[in-house]
Amino acid sequence: MNIREFLTDKVQAAMTQAGIPAEYSAHVAASKKAGFGDYQANGAMAAAKAMKTNPRELAAKIVEHLDLEGIAEQVEIAGPGFINIHLNEPWLAGELQQCLGESALSVDKTTAPQTVVVDYSSPNLAKEMHVGHLRSTIIGDAIVKALEFVGHTVVRQNHVGDWGTQFGMLVAELESQAETTEAGIALKDLEAFYQRAKKHFDEDPEFATTAREYVVRLQSGDTKVLALWQQFREISLSHGEEIYNLLNVSLTRANVMGESAYNEDLPVLVAELEQQGLAVVDQGAKVVFLPELADKAGNPSVVIVQKQDGGYLYATTDLACIRYRVGKLKGDRLMYFIDQRQGLHMQQVFALARKAGFVGPEVSLEHHGFGTMNGEDGTPFKTRDGGTVKLAQLLVEAVDRARALIDSKGSDLPDSEKAEVARKVGIGAVKYADLSKTRTTDYIFSWEKMLSFEGNTAPYLQYAYTRIQSIFRNANVDPASLDATLVITEPQERQLAMKLLQFPETIELMVKEAFPHVLCSYLFELASLYMSFYESCPILKDGVKETTRDSRLQLCRAVAEHMQLGLSLLGIEVMDRM
Ligand code: ARG
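The notes below deal with the structure included here. (Residues numbered from 1 in each chain as written. Predicted model: local features only at pLDDT ≥ 70, side-chain atom pairs only at ≥ 80, totals over all residues. Heavy atoms only, no water.)

1. Quick notes on the overall build of the protein chain
Helix and strand counts for the protein chain stand at 21 helices and 13 strands. With respect to the principal axes defined by its C-alpha atoms, the protein chain has extents near 85 × 70 × 40 Å. Counting only residues that meet the buried cut, the protein chain has 53% of its 578 residues in that class. For the protein chain, restricting intrachain contacts to residue pairs at least 6 apart in sequence, the fraction spanning at least 24 positions comes to 72%. Element-wise, carbon and sulfur atoms account for 50% of the exposed surface of the protein chain, whose accessible area totals about 26000 Å². Each charge sign in the protein chain was given a centre, from 57 positive and 77 negative side chains, and these centres are 2 Å apart. (Helix = DSSP H or I, 4+ residues; strand = E, 2+ residues; numbered from the N terminus. Buried < 20%, exposed > 50% of the residue type's maximum accessible area, 1.4 Å probe, protein only. Contact = heavy atoms within 4.5 Å. Areas by Shrake-Rupley, 256 points an atom, 1.4 Å probe, with all protein chains shown as cover. Lys, Arg positive; Asp, Glu negative; His and termini not counted. Charge placed at Lys NZ, Arg CZ, Asp CG, Glu CD.)

2. Description of the site of the ligand
Close to the ligand lie Asp-119, Ser-122, His-159, Tyr-314, Asp-318, Tyr-336, Ile-338 and Gln-342, which account for all nearby residues. Taking Asp-318, its side chain carries an N or O atom lying 2.8 Å from a nitrogen atom of the ligand. With respect to the ligand, the side chain of Gln-342 contributes an N or O atom lying 2.9 Å from an oxygen atom. For the ligand, whose free accessible area comes to 350 Å², the fraction covered by protein is 84%. When the residues that make up the shell around the ligand are grouped by side-chain class, the tally is three nonpolar, three polar and two charged. (Near = heavy atom within 4 Å. Polar contact = N/O pair within 3.5 Å; in protein donor to acceptor, adjacent residues only side chain to side chain. Nonpolar A, V, L, I, M, F, W, Y, C, P; charged D, E, K, R; others polar.)

3. With respect to the pairing of strand S11 (residues 364-367)
Bridging between strand S10 (residues 333-336) and S11 involves four bridges; their strand directions are parallel. When the bridges of S11 are listed, Leu-334 appears paired with Leu-365. (Pairing = 2+ DSSP bridges.)

4. Points about unusual backbone geometry
One non-glycine residue, His-27, lies in the positive phi region at around 50°. Accessibility expressed as a relative area gives 47% for His-27, which makes it partly exposed. Phi is positive for Asn-248, which is not a glycine, with a value near 60°. Secondary-structure assignment places Asn-248 in the loop between helix H10 (223-247) and helix H11 (265-275).

5. Remarks on the sheet that holds strand S9 (residues 301-306)
Hydrogen bonds between backbone groups are what pair the strands of a sheet, and the pairing can be parallel or antiparallel. A sheet is described by the order of its strands in space; here three strands give the open sequence S7-S8-S9, paired in antiparallel fashion. In this open sheet, the two strands that pair with only one neighbour each are strand S7 (279-282) and S9. For this sheet, the mean inter-axis angle between neighbouring strands, taken without regard to orientation, is 45°. Note that S7 and strand S8 (residues 285-290) share four bridges and pair antiparallel. (Axes fitted to C-alpha atoms, helices over the stretch in contact; angles between N-to-C directions.)

6. Quick notes on the packing of aromatic side chains
The tally for this structure, following the rule as stated, stands at 13 aromatic pairs. Chaining the aromatic ring pairs together yields one cluster made of Phe-167, Phe-193 and Phe-232. (Phe/Tyr/Trp six-rings, centres within 6.5 Å; stacked < 30°, edge-to-face > 60°.)

7. Examining the pattern of salt bridges
Pairing between side chains becomes possible if they bear opposite charge and their charged atoms approach one another. According to the stated counting rule, one finds 34 salt bridges in the structure shown. Between Arg-323 and Asp-265 there is a salt bridge, and its shortest N-O distance comes to 2.9 Å. With Arg-323 in helix H12 (residues 314-327) and Asp-265 in helix H11, the pair connects residues that are 58 residues apart, well separated along the chain. Assessed through its relative accessible area of 22%, Asp-265 is described here as partly exposed. (Salt bridge = Lys/Arg side-chain N within 4 Å of Asp/Glu carboxyl O.)

8. Some thoughts on helix H18 (residues 491-501)
Of all 11 residues making up H18, eight are buried, and the element is well covered by its neighbours. Among all positions in H18, only Glu-493, Arg-494, Leu-496, Ala-497, Met-498, Lys-499, Leu-500 and Leu-501 are buried.

9. A closer look at the sheet that holds strand S5 (residues 115-119)
Spatial strand order, S6-S5-S10-S11: four strands in an open sheet with parallel pairing. At either end of the open sheet lies a strand with only one pairing partner, and these are strand S6 (153-157) and S11. Pairwise comparison of adjacent strand axes, ignoring direction, gives a mean angle of 15° for this sheet. Across four bridges, S5 lies against S10 in parallel orientation. In the sheet register, Val-116 faces S10, and the bridge partner there is Arg-333. Strands in contact with helix H13 (residues 343-355) are S10 and S11; relative to S11, the strand with the most contacts, it is inclined by about 170°.

This is the structure we're talking about:
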């Protein structure tokens, strides 16, 4: 159960009974400070202002009608008209008890399921995936998992860059190497292949001519060139899949819907824009002027939809793509996880799609941008010699570093298990370091920080989880079969229980705002509260009553279950020991 929502309904009902018009909402939120109860309802002030009455008196009237029998132990009015709700401990314990062992814990399915189309990862297939693709890939995947978890129908879309002029050059290079090298081997290192093709193109005019011809032949559906293109695309996609597997990201081949897929719709779309009078010819190109996105001086924003030479652009493809997502996929909500620097592009595409009637007002169009991953010097993360860092290399290094760390701690696990732990810790560290930052800000990539066992890191959370598992091993108890009654007596137990019960509202916020860091902060706070509980509430010590011990074991179990589920929504794995 989502307690915030539950209390909101209760307060809202009391407001109605107190004669407050329905347009004034209850404004219930978890209290930020101790001493103000667990939740606070702030709606009385705004309502009183509009109704021209005394806010404290109105709050008192609401409280009179507020039915929280057996749920709250105290409801008080504070300051200018805040209503502070202190929840009842047995009720909290009962709620928590109910969710133990449940696969969704206390998270209910949404009552308003939507079809959500999520565009993420979407690398350019001409090159190897590099660190610039990390954020879109893992942030998108975390949101997708959370959306599905709460009951939405999610359609993943990997809008790969598999079309355009570069492919003429790449396909020509593939052909020229075919005599001596097998495609799979030639393309083993896509980055090096791209560099060779570029060099060839720059230095050999004959090759450059072929490359240009191939672009045209590709666009017109020439079988031979298409076959080469397909071969290239296939190999590049499988490189991407290796990364997705390593990253524990749920994208598959079935989710690939690249730029090439919209090729046929582009001329149709441009013709429609012209018919509507939206696209006009300007200096030989077809462009749309958008006064609604004018700059400060009043100049309209310009979107080129077809170049003078007939070629189409990134924006044209994205417009066709929107039509598909709304028309064929029936998306209610379209989410795009793309670098913030493409913000203007997305604004233009969205504005034009609405203006042209490709999308109705009922569909939500959302660009969820993100900042840059920077090196310690504050500029975009690069190799020592200034090159782009390949994602595959970065992930291998993460696992190697995690392995060295585990070895240095003198772990006595068998070798094969150590390797497994190193994989989970290394990959988890990279992902968590990224997901835990507010999406919209830049962040500094630091091996040292992300692999630390202290602070808001994956290893810290994974370690906290293993500590709980070791308690169960020491107690010789299988947590899944515990059926003891959970009782809250100590303040640390209460705080911990309250936090656990806030899991549903955390997920709600994460899904609404597309903010994975909300869940990360929650898990970190949960682990920290668990640590203080562990320090002040003995569990397996001599002299602890059996009922107390078992109740505390239930609390441990609840923490472990929430951590495991929370981390799995972020695509991060846990382990029983490390
Ligand atoms: N391929 C693009 C890039 O690497 C990202 C595509 C994002 N998706 C979209 N529908 N525009 O920058």
